[in-house]
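Below, each chain spelled out in residue letters.
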Amino acid sequence: MARRTKEEALETRMQIIDAARRVFHAEGVNRSTLDKVAKAAGVTRGAVYWHFTNKAELFLAVKKAYTSEFDQLQSLLSPTVNQSPLSALTDYLHALFSGLLTNSAARETLEIIMLRCEYVEEFHEVLQTITEPCTDILTSFTRLYRDAKTINELKPGLDPELMALDTLAFVRGTLRAVLSGQQHDTYCQAITPLIDAHIALRR
């Protein structure tokens, strides 16, 4: 009986998280309320508060539930034995955007994070949590470009630190372009050659 109760609680929690994603995406985070989430999830307001202290905590739960696969992709930033640094970086970028284009729930969640939330008041501290992975990714980018320079894979005269910042800006800008709907189809169709051209300019 206890096991069944735990399973039901986890099922309700995920039901609330999924409803929150839909409500946040439809109305924007700041205009959404836990009452609206409860209604969308088909549960009571008390059930929402049983699982989540406030909207910020629920927001982070949505992020974790639907974007964890992108965090796992960071393992691709460690080259295999027969893989060059820039090849590892290329594979990571392709995997990142392939996952974005094929996983609608993850895409909606990133759209919420980047375009449908104002990081003010209770969400001011949330911003730091949201941006933490970017610090790790930038560190990995920098390491790969430094390694590429060491083996003469990086074009002479290019600074690894600047190239890492430039690639992070490329990722952020392309993500925003894909998610915002502005020339969405154009970017989706051109994403593979865009990535290849970005790296080719550095070889």
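On a predicted model such as this, the values are computed, not experimentally measured, just so you know. (Residues numbered from 1 in each chain as written. Predicted model: local features only at pLDDT ≥ 70, side-chain atom pairs only at ≥ 80, totals over all residues. Heavy atoms only, no water.)

Brief notes about the environment of Gln 128
(1) Moving on: On the secondary structure map, Gln 128 appears in helix H7 (residues 124-150).
(2) Moving on: Residues Gln 128 and Thr 174, 46 residues apart in the sequence, show an inter-C-alpha distance of 22 Å. (Helix = DSSP H or I, 4+ residues; strand = E, 2+ residues; numbered from the N terminus.)

A word on the nonpolar core
(1) Moving on: One finds Phe 24, Leu 58, Phe 59, Leu 89 and Phe 141 to be the most contacted residues of the largest nonpolar core, which totals 57 residues.
(2) Moving on: Secondary structure elements with two or more residues in this core: helix H1 (2-27), helix H2 (34-41), helix H4 (55-72), helix H5 (85-102), helix H6 (104-115), H7, helix H8 (160-180) and helix H9 (184-200).
(3) Moving on: Those residues in contact with Leu 89 that lie beyond four places of it in its chain are Leu 77, Phe 141, Leu 144, Tyr 145, Thr 167 and Ile 199. (Core = buried A, V, L, I, M, F, W, Y, C linked by side-chain atoms within 4.5 Å. Buried < 20%, exposed > 50% of the residue type's maximum accessible area, 1.4 Å probe, protein only. Contact = heavy atoms within 4.5 Å.)

Here's the deal with the side chain of Thr 174
(1) Moving on: Take Thr 174: it is sitting in helix H8.
(2) Moving on: For Thr 174, the side chain forms a polar contact with the main-chain oxygen of Phe 170, separated by 2.8 Å.
(3) Moving on: Excluding anything up to four places from it in sequence, Thr 174 contacts Phe 97, Tyr 187 and Ile 191. (Polar contact = N/O pair within 3.5 Å; in protein donor to acceptor, adjacent residues only side chain to side chain.)

Spatial relationships are all this shows, so hold off on functional conclusions.
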